[in-house]
Amino acid sequence: MLKNETRKLTLPEGPFKAYLFDCDGTIVDSMPLHYKAWSKVLAEWGCEFPEELFYSWGGMPVAEIIATLNQRQGLSMPADEVAHRKEGMYFDILPQLEAVPEVLEHIEMTHGKIPFAVVSGSTRDSVTRSLEALGILDKFETLVCAGDYVKSKPDPEPFLVAAARLGVEPKDCLVFEDTEMGIQSATAAGMASVKVLQPWEREKILAG
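Residues numbered from 1 in each chain as written. Predicted model: local features only at pLDDT ≥ 70, side-chain atom pairs only at ≥ 80, totals over all residues. Heavy atoms only, no water.

Asker: I tried to follow unusual backbone geometry on my own but got confused; where do I start?
Answerer: Only a minority of non-glycine residues have a phi that is not negative, and only a minority of peptide bonds are not trans. Following Gly14, the chain continues to Pro15 via a peptide bond in cis, the omega torsion being 0°. Topologically, Pro15 is positioned in the segment before β1 (18–21). A cis amide bond, omega 15°, links Lys153 with the succeeding residue Pro154. Residue position: Pro154 is located in the loop between β3 (142–144) and α7 (157–166). (Helix = DSSP H or I, 4+ residues; strand = E, 2+ residues; numbered from the N terminus.)

Asker: How should helix α1 (residues 31–43) be read in this particular structure?
Answerer: Residues spaced three or four apart along an α-helix point in a common direction, a consequence of the helix completing one turn every 3.6 residues. Along its 13 residues, α1 runs 18 Å from first to last C-alpha, staying within 8% of the 18 Å computed at 1.5 Å per residue. For α1, the full list of buried residues reads Met31, Leu33, His34, Tyr35, Ala37, Trp38, Val41 and Leu42. Tucked into the core, α1 has its buried residues touching α2 (51–56), α3 (62–73), α4 (79–92) and α6 (124–133). (Expected span 1.5 Å × (residues − 1). Buried < 20%, exposed > 50% of the residue type's maximum accessible area, 1.4 Å probe, protein only. Contact = heavy atoms within 4.5 Å.)

Asker: Quick question: what am I supposed to make of the pairing of β1 here?
Answerer: Successive side chains on a regular strand alternate, one facing one side of the sheet and the next facing the other. The alternating pattern of β1 places Ala18 and Leu20 on one face and Tyr19 and Phe21 on the opposite face, and all of these are buried. Both β1 and strand β4 (residues 173–177) contribute to a ladder of four bridges, which runs parallel. When the sheet's bridge partners are listed, Leu20 is paired in β4 with Val175. When β1 meets strand β2 (residues 116–119), the two strands line up parallel, connected through three bridges. (Pairing = 2+ DSSP bridges.)

Asker: What is the right way to look at the environment of Thr68 in this model?
Answerer: Mapping Thr68 onto the fold places it in helix α3. Residues within four places of Thr68 in sequence aside, it is in contact with Trp57 and Met60. A polar contact is formed between the side chain of Thr68 and the backbone oxygen of Glu64, at a distance of 2.7 Å. (Polar contact = N/O pair within 3.5 Å; in protein donor to acceptor, adjacent residues only side chain to side chain.)

Asker: I'm lost on the pairing of strand β5 (residues 192–195) in this one. Help?
Answerer: In this structure, β4 lies alongside β5, joined through four bridges in parallel fashion. Looking at the pairing, Phe176 lines up with Val194 of β5. Regarding topology, helix α8 (residues 180–188) serves as the crossover connection from β4 to the parallel β5, and that connection is right-handed. (Right-handed = clockwise from strand over helix to strand, strands pointing away.)

Asker: In this structure, what is going on with the side chain of His34? I would like to understand it.
Answerer: Tracing the chain through its elements places His34 in helix α1. Side-chain polar atoms of His34 contact the side chain of Asp24, separated by 2.9 Å. A distance of 2.5 Å separates polar atoms of two side chains, one belonging to His34 and the other to Lys86.

Asker: How do you make sense of the sheet that holds β4 when you look at a structure like this?
Answerer: Within a sheet, each strand pairs with its neighbour through backbone hydrogen bonds, oriented either parallel or antiparallel. A sheet is described by the order of its strands in space; here five strands give the open sequence β3-β2-β1-β4-β5, paired in parallel fashion. Both edges of this open sheet fall to β3 and β5, since each of them pairs with a single strand only. The sheet shows a mean angle of 25° between the axes of neighbouring strands, taken without regard to direction. Relative to the sheet, helix α5 (residues 101–110) contacts β1, β2 and β4, its axis offset from that of β1 by approximately 150°. (Axes fitted to C-alpha atoms, helices over the stretch in contact; angles between N-to-C directions.)

Asker: Please explain the nonpolar core as it appears in this structure.
Answerer: Side chains of a nonpolar character, in soluble globular proteins, are inclined to be buried together. Judged by nonpolar contacts, the single largest core of 50 residues is most densely connected at Phe21, Ile27, Trp38, Phe49, Leu131 and Phe140. Counting residues per element, this core draws most heavily on α1, at seven residues. Every residue in contact with Phe49, bar those within four places of it in the chain, is listed here: Tyr35, Trp38, Leu42, Phe54, Trp57, Ile65 and Leu69. Membership of the second largest hydrophobic core comes to 17 residues, among which are Tyr149, Ala163, Leu166 and Val175. (Core = buried A, V, L, I, M, F, W, Y, C linked by side-chain atoms within 4.5 Å.)

Spelled out as structure tokens, the structure:
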């Protein structure tokens, strides 16, 4: 997709009282950068992480990803060390970060008219730095990140935490998500949702 070509988001009928945004792959086009960081770190441990699997686990907290990979591949990677190194490598390449254009446009058009929250499986540090890199951190009333809930997506808890913080009923929230796991979480929370295209989905449309 051309950088100056912006797809329009198609929103379900409202009205809505709050917008809840996933971060990675939804607001920021960071998933390719995260995958690059994961690949470098996991290679040090002889761990395979196919790109398709990485994207299907979008929204899963870092610690859960490491634990699941350990279990599947019979490894014993130290979660804290691997997570720390992965985050460090992501921060090193953060200057390459770009926004998902249609979502950024929607944020800029509706900011101030309705409260925003970010609901992410990433660490607070990662989310904060990503949003700061784009200069939009101050547009969000609250950030719900890994550690702010017990059960991660596709459980509804992360989105329900965000709704409670904003003082808005779940049925009055609209969720913006790029993964099926995230959409399932929003649906389980009783919220309407908008599917944001992932990089390969955009390429298919552009090629088709």
